[in-house]
Amino acid sequence: MRALLSPDPDDFPCGCLVVSGIDEPGNRLILYANHYVSEQFGFAAEGLVGSPLSGMLSRASTVIFDVYVLPTVLHEGRCSEVLLELQTPTGSKCPVVVNARRHSTDQTLIVLSLFDATQRDTLYQELVETRRLLEEKATILQHLSSTDELTGLLNRRELNKRAAIMLAEARRYETSVAVLVVDIDHFKELNDTLGHAGGDKILAELGKRFREQGRATDIVARYGGEEFVFVVPKMDEFSVRQLAQRLHKVASEVPVPGKVLTVSIGIGLTHSRDDFLYETLFMRADKALYAAKAAGRDRSLFFDVDAQNEGE
């Protein structure tokens, strides 16, 4: 085998320093620096030897070296992969990855290796920015997947998911939940008169006004077509009735050429622990909605649980 040549420190693709004063705080001097330090970082080779290490480091990095790197070397014999900043002669700052250890023969000396981390730092920043953009896009996609595009309200899939969670929590803590199904009266006639664009404008405006009526804890969604759904926790019959009245008023304030917009509302309200299923409450509210339509529209009706029980 060919004998290996003794390596020359100047051949290493990293900075090599030997620093004195491991036991003399504030008096750490550079005793040796290979050519890489001057060539890569711009320090004058003849001016480095004998100068303080603090002259190479930024103020913050000097503190890190004194309070972390040096104590770690004293305690464990080495300190690995610490990111510091060099204060170059041109005034710029250069990030470096530093490894430190005690000198193998003179325990009062510290041997340092310095790897230029400029490219790594740039790649890291690019990675952080890429991650931020991906998270931003994921948030947008999540919003799009759960939101009705026309009204900005929750869509049916998100409504079903959140309502099931709300009902489960309400059952656990024995609090009430009401489901209100709201349907625009004579919407087909509006579409025929104003066109689909005009109908969409009414839906968008009504959706915006409905969203403003919901509390932070309420679920407000577009179920489909001209139907909207409110799922509201911790409200008794009187409070739910007041909410329904507000929805009628809000709907009447939506500008519609030649007429006043009205809605019919069906309401299902929990009465016993057996009621805490969204499908049950929605079905009851939907039946109450059809009853409101049959009774002449532009009104709110509660599902009559007692009448249902008598019928059974």
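Keep in mind that this is a model prediction, so the values were computed, not measured. (Residues numbered from 1 in each chain as written. Predicted model: local features only at pLDDT ≥ 70, side-chain atom pairs only at ≥ 80, totals over all residues. Heavy atoms only, no water.)

(A) Main features of the overall build of the protein chain. Helix and strand counts for the protein chain stand at nine helices and ten strands. Over its C-alpha atoms the protein chain spans a radius of gyration of 36 Å, topping by over 25% the 20 Å that the globule rule assigns to 312 residues. The dimensions of the protein chain, computed from C-alpha atoms along their principal axes, are 100 × 45 × 45 Å. Each of the 312 residues in the protein chain was classed as buried or not, and the buried ones make up 41%. If you take every contact in the protein chain between residues at least 6 apart in sequence, the share linking residues at least 24 apart comes to 58%. For the protein chain, the accessible surface area stands at approximately 18,200 Å², while carbon and sulfur atoms represent 54% of it. Looking at charge distribution, the protein chain has the averaged site of its 35 positive side-chain charges lying 5 Å from that of its 45 negative ones. (Helix = DSSP H or I, 4+ residues; strand = E, 2+ residues; numbered from the N terminus. Rg over C-alpha atoms; globule rule 2.2 N^0.38 Å. Buried < 20%, exposed > 50% of the residue type's maximum accessible area, 1.4 Å probe, protein only. Contact = heavy atoms within 4.5 Å. Areas by Shrake-Rupley, 256 points an atom, 1.4 Å probe, with all protein chains shown as cover. Lys, Arg positive; Asp, Glu negative; His and termini not counted. Charge placed at Lys NZ, Arg CZ, Asp CG, Glu CD.)

(B) Region of the structure containing the nonpolar core. With 29 residues, the main nonpolar core has Leu 180, Ile 184 and Phe 210 as its most contacted residues. Going through the elements one at a time, strand 6 (177–184), helix 6 (187–213), strand 8 (227–233), helix 7 (237–252) and strand 9 (263–269) are the ones with two or more residues in this core. Discounting residues that sit within four places of it in the chain, Phe 210 has contacts with Val 182, Val 220, Phe 228, Phe 230, Leu 247 and Val 250. In this structure, Val 69, Cys 79, Val 98 and Ala 100 belong to the second largest nonpolar core, which totals 27 residues. (Core = buried A, V, L, I, M, F, W, Y, C linked by side-chain atoms within 4.5 Å.)

(C) Seen up close, the packing of aromatic side chains. Inspection of the entire model under this criterion finds five aromatic pairs. A centroid spacing of 5.8 Å and a plane angle of 80° characterise the contact between Tyr 36 and Phe 41, whose relative ring orientation is edge-to-face. As far as burial versus exposure is concerned, Tyr 36 and Phe 41 are alike and both buried. Here the aromatic rings of Tyr 278 and Phe 282 are separated by 5.9 Å at their centres, their planes lie at 45°, and the arrangement is tilted. (Phe/Tyr/Trp six-rings, centres within 6.5 Å; stacked < 30°, edge-to-face > 60°.)

(D) Inspection of the packing of helix 6 against helix 7 at higher detail. Two elements in contact, helix 6 and helix 7, have axes separated by 10 Å at closest approach and are oriented at 150°. On the basis of their axis angle, the class for helix 6 and helix 7 is roughly antiparallel. In this structure, helix 6 meets helix 7 at a crossing whose hand is right-handed. Touching Leu 206, Arg 209, Phe 210 and Gln 213 of helix 6 are Arg 246, Leu 247, Val 250 and Ala 251, all from helix 7. Looking at the contact of helix 6 with helix 7 residue by residue, the class counts come to five nonpolar, one polar and two charged. (Axes fitted to C-alpha atoms, helices over the stretch in contact; angles between N-to-C directions. Parallel < 35°, antiparallel > 145°, perpendicular 65-115°, else oblique. Left-handed = near helix turned anticlockwise from the far one by under 90°. Nonpolar A, V, L, I, M, F, W, Y, C, P; charged D, E, K, R; others polar.)

(E) Seen up close, unusual backbone geometry. The phi angle at Glu 174 is positive, at roughly 55°, despite the residue not being glycine. Counting through the fold element by element, Glu 174 comes out in the loop between helix 5 (156–173) and strand 6. You can call Glu 174 exposed: its relative accessible area is 62%. Despite not being glycine, Arg 297 shows a phi value in the positive range, around 65°. In this fold, Arg 297 is placed in the loop between helix 8 (278–294) and strand 10 (300–302). Residue Arg 297 is classed as partly exposed on the basis of its relative accessible area of 31%.

(F) View of helix 5. Between its first and last C-alpha, helix 5 extends 26 Å over 18 residues, near the 26 Å set by a 1.5 Å rise per residue. Restricting attention to buried positions, one finds in helix 5 the residues Glu 158, Leu 159, Ala 163, Met 166, Leu 167 and Ala 170. Projected down its long axis, helix 5 carries its buried residues within an arc of 150°, all on one side. Exposed residues pointing more than 90 degrees away from the buried face of helix 5 are listed as Arg 157 and Arg 172. Just downstream of helix 5 lies Glu 174, where phi reads positive at about 55°. (Expected span 1.5 Å × (residues − 1). Arc of directions from axis to C-beta.)

(G) Up close: helix 7. Between its first and last C-alpha atoms helix 7 spans 23 Å; for 16 residues at 1.5 Å apiece the expected length is 22 Å, and the two agree. Residues of helix 7 that are buried in the fold lie against strand 6, helix 6, strand 8, strand 9 and strand 10.

(H) Seen up close, the environment of Leu 144. Along the chain, Leu 144 turns up in helix 4 (residues 118–146). By relative accessible area, Leu 144 is classed as exposed at 55%. When the C-alpha atoms of Leu 144 and Val 182 are compared, they prove to be 23 Å apart, with 38 residues separating the residues in sequence.

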